[in-house]
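Letter by letter, the chains look like this.
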Amino acid sequence: MAYAFENLSAWKESRKLVVTVYQLLDEFPKFEKYALCDQIRRSIVSVPSNLAEGSGSLMEAYNQLILAADLHYIEEKSLDDMRPQIDIVARMLNGLRASLIKTLNTQQ
């Protein structure tokens, strides 16, 4: 039997995003493995780990990836290619948040 969160599309999509980000981090210079890479890993992993704060963590990870592109650790194209995936997860998380708010408001 699956836990409730395992049935959420946002959770399933964010898992895919984690894999994409981890693969992208392999392109970073070795000296960044324990600095920016570590922070990106923590923030992107927190998206599926904590859906209540997922949108914030998602934007944190995206910001850090933008910084990585600014630092020329990753190609701008890699960031652009990832953007649609980030948009999907963000829309799903926003929809989930709206649904939860609506449910809470109707229960009051």
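Preceding block: the structure.
Enquirer: How do you make sense of the overall build of the protein chain when you look at a structure like this?
Expert: Looking only at helices and strands, one finds 4 helices and 0 strands in the protein chain. Secondary structure elements of the protein chain, listed N to C terminal, follow the sequence α-α-α-α. In terms of its C-alpha atoms, the protein chain occupies a principal-axis envelope of roughly 50 × 25 × 20 Å. Residues counted as buried form 38% of the 108 residues belonging to the protein chain. A fraction of 64% describes how many contacts in the protein chain between residues 6 or more apart in sequence connect residues 24 or more apart. Carbon and sulfur atoms form 55% of the exposed surface of the protein chain, whose accessible area is close to 6900 Å². Of the charged side chains in the protein chain, 12 are positive and 14 negative; the average position of the first set lies 7 Å away from that of the second.

Enquirer: Could you clarify how one ought to interpret the pattern of salt bridges in this entry?
Expert: Two side chains of opposite charge can pair, provided their charged atoms sit close to one another. Under the criterion given, the structure shown has 4 salt bridges. With a shortest N-O distance of 3.1 Å, Lys-16 and Glu-13 are connected by a salt bridge. Taken as a pair, Lys-16 and Glu-13 lie in helix α1 (residues 9–25) at a separation of 3 residues, close to a single helical turn. By relative accessible area, Lys-16 is classed as partly exposed at 46%. By relative accessible area, Glu-13 is classed as buried at 18%. Across the pair Arg-83 and Asp-87 runs a salt bridge whose closest N-O atoms are separated by 2.7 Å. Within this pair, Arg-83 and its partner Asp-87 are both found in helix α4 (residues 76–107), separated by 4 residues, close to a single helical turn. In this structure Asp-87 comes out as partly exposed when scored by relative accessible area, which is 26%.

Enquirer: I tried to follow the nonpolar core on my own but got confused; where do I start?
Expert: The biggest cluster of nonpolar side chains holds 26 residues, and the ones touching the most others in it are Leu-17, Val-21, Phe-28, Leu-58 and Leu-65. Put simply, the parts of the chain that give this core at least two residues each are α1, α2 (36–49), α3 (54–70) and α4.

How each quantity is defined
- Residues numbered from 1 in each chain as written.
- Predicted model: local features only at pLDDT ≥ 70, side-chain atom pairs only at ≥ 80, totals over all residues.
- Heavy atoms only, no water.
- Helix = DSSP H or I, 4+ residues; strand = E, 2+ residues; numbered from the N terminus.
- Buried < 20%, exposed > 50% of the residue type's maximum accessible area, 1.4 Å probe, protein only.
- Contact = heavy atoms within 4.5 Å.
- Areas by Shrake-Rupley, 256 points an atom, 1.4 Å probe, with all protein chains shown as cover.
- Lys, Arg positive; Asp, Glu negative; His and termini not counted.
- Charge placed at Lys NZ, Arg CZ, Asp CG, Glu CD.
- Salt bridge = Lys/Arg side-chain N within 4 Å of Asp/Glu carboxyl O.
- Core = buried A, V, L, I, M, F, W, Y, C linked by side-chain atoms within 4.5 Å.

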